[in-house]
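A look at the structure
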Amino acid sequence: VQDSNLSAFEDLLHLHGSRLRAFVAMKLPIPHLVDEIALSPPAHPQTRQDRRLGKKSLNKQIPITNEKEGQMRRMTGVWARIAVGLFVAFWVGCESGPPAEVPSTPESGVQEEVPANPGEAPEAEQKEAPAEVREIRFGVVPQQAPSQILRNWKGFAKEMSKRTGWKWTVKTAPSIPEFEERCLNGQYDIAYMNPYHYTVFAQQPGYKAFARQKNKQIKGILVVRKGSPVETIADLEDARVAFPSPAAFAASVVTRTYLRNEGIPVEVNYANSHDSVYTNVANEIHEAGGGVMRTWNATSAEVRDQLEILWTSPTYTPHAFAYHPRLTDEEVKTLKKAVSNLEAEPRDSEVFDPIQFNGLTAGQDGDWDDVRALKITELDHLLEEK
């Protein structure tokens, strides 16, 4: 580019820089920008000197005095249009920013090159595909509303994700019978299920217990509304009594069995969850309801303060944490190690307070033989249908 054309381009940028930025901000097409800027009256080379002197001569119209100067002015316009186009492209590129760098980490799948032998460069670039994170569908029996279950168990799932290196996702079901169907079909990789559920689904599809709540035994309760005329178990004769579901272990199976053995007939109704049982009794829809101490302690104070416990059952081994047989031996080792480490450390209130747990301890299949001894047959039809 001739010195005169370069001078014209520099003047053009100084003269129209603010206009150019404004046009770029309006996202006008680049050809439009070029026409708008380059076709403006070009500044005379002398304006560079004028600018140094602080003179306001940038908008002077310098008349064409001869044909040679006219040709020079036309060439200047051509070069200016080309230069402005390049400048706009450069400006837009700067505004959009450079592409982000991908860090060389195992998570990104990009690793440092390592020579085959010390001092030797690798023969060819090698890249490893990103490692897939193991996803765990963690099913929780719906003793409470699904939204509350997801909220209460998220801390536990996060902690287990950290300790196993897997991605735990909390799952539940709209009702306990639906949860039973999903366990039977193996929809959960790991499940938290009631003691009777475990004795059933250990048979089919073959869930295996690996943990349970620490220092805890489960017991069923019957609750009534404060001020109710029901003062003893005998007063429940022919009363409307709510239970979470037919196979809810301590809250339903144990309590109904006790009432039957005592010769106390009741009208049985199922409310789908423990929370619904407590709410129904508080609202006087039912005279009494079955539950367990853990959900009783976890229900809202607004509801609990309206109720009182009428009867408490003997104790049994609590709910089981069990894995589906599709987990590999190595995955089972990882799982048990996570439980062992968690048990050995001080109790984490952020993990266990929301689910009303003392902590976690290792469990094995024989721990639930006390439940098997009750010879409950409530869900035998599921195994027969399967």
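Refer to the preceding data block for the structure.
To start, this report covers the structure provided alongside it.

Cut-off values and rules
Residues numbered from 1 in each chain as written. Predicted model: local features only at pLDDT ≥ 70, side-chain atom pairs only at ≥ 80, totals over all residues. Heavy atoms only, no water. Axes fitted to C-alpha atoms, helices over the stretch in contact; angles between N-to-C directions. Helix = DSSP H or I, 4+ residues; strand = E, 2+ residues; numbered from the N terminus. Left-handed = near helix turned anticlockwise from the far one by under 90°. Contact = heavy atoms within 4.5 Å. Nonpolar A, V, L, I, M, F, W, Y, C, P; charged D, E, K, R; others polar. Buried < 20%, exposed > 50% of the residue type's maximum accessible area, 1.4 Å probe, protein only. Arc of directions from axis to C-beta. Polar contact = N/O pair within 3.5 Å; in protein donor to acceptor, adjacent residues only side chain to side chain. Core = buried A, V, L, I, M, F, W, Y, C linked by side-chain atoms within 4.5 Å. Patch = residues over 30% accessible without salt bridge, like charges linked within 9 Å, V, L, I, M, F, W, Y side chains within 5 Å. Areas by Shrake-Rupley, 256 points an atom, 1.4 Å probe, with all protein chains shown as cover. Salt bridge = Lys/Arg side-chain N within 4 Å of Asp/Glu carboxyl O. Lys, Arg positive; Asp, Glu negative; His and termini not counted. Charge placed at Lys NZ, Arg CZ, Asp CG, Glu CD. Pairing = 2+ DSSP bridges.

1. Details of the packing of helix α5 (residues 146-164) against helix α12 (residues 329-344)
The interhelical angle for the contact between α5 and α12, taken along N-to-C directions, is 115 degrees, at an axis separation of 9 Å. Note that α5 runs across α12; the crossing there is right-handed. The residues of α12 that touch α5, namely those facing Glu 159, Met 160, Arg 163 and Thr 164, are Thr 334, Leu 335, Ala 338, Val 339, Asn 341 and Leu 342. In terms of residue class, the contact of α5 with α12 is made up of five nonpolar, three polar and two charged.

2. Regarding helix α6 (residues 176-184)
Residues spaced three or four apart along an α-helix point in a common direction, a consequence of the helix completing one turn every 3.6 residues. For α6, the full list of buried residues reads Ile 176, Phe 179, Glu 180, Cys 183 and Leu 184. Take α6 and look down its axis: the buried residues cluster within an arc of 135 degrees, on one side only. Against the buried residues of α6 lie β1 (135-140), β3 (190-193), α7 (195-201) and α15 (380-385). Between a side-chain oxygen at the N-terminus of α6 and the backbone nitrogen of Glu 178 the separation is 3.3 Å; the capping residue is Ser 175. After α6 finishes, the residue Gly 186 shows a positive phi value of roughly 70 degrees.

3. Points about the nonpolar core
Grouped together as the largest cluster of nonpolar side chains are 73 residues, with contacts concentrated most on Phe 138, Trp 153, Phe 156, Trp 168 and Phe 321. Element by element, the count of residues in this core is highest for helix α8 (residues 249-261), at six residues. Ignoring sequence-local partners within four residues, the contact set of Trp 168 consists of Ile 136, Phe 138, Phe 156, Ala 157, Met 160, Ser 161, Ile 190 and Leu 335. The next biggest cluster of nonpolar side chains, apart from the first, holds twelve residues, and it includes Ile 221, Ala 242, Ala 271 and Trp 296.

4. Overview of a negative patch on the surface
Together, Glu 181, Asp 380, Glu 384 and Glu 385 make up a region of like negative charge exposed at the surface. Sorting elements by how many residues they give to the negative patch places α15 first, with three residues. With respect to the helices and strands, the residue Glu 384 is situated in helix α15. For Glu 384, a relative accessible area of 67% gives the class exposed.

5. Brief notes about the sheet that holds strand β8 (residues 288-292)
The five strands lie next to each other as β7-β6-β8-β5-β9, forming an open sheet whose pairing is mixed. Two strands bound the open sheet, and with one partner strand each, they are β7 (267-270) and β9 (307-316). Geometrically, the sheet is characterised by an average inter-axis angle of 25 degrees between neighbouring strands, direction not taken into account. As defined by bridge partners, strand β5 (residues 218-225) adjoins β9 across seven bridges and the pair is classed as antiparallel. When the bridges of β9 are listed, Lys 219 appears paired with Thr 315. Along the sheet face, α8 touches β5, β6 (240-243), β7, β8 and β9 and points at about 75 degrees away from the line of β5.

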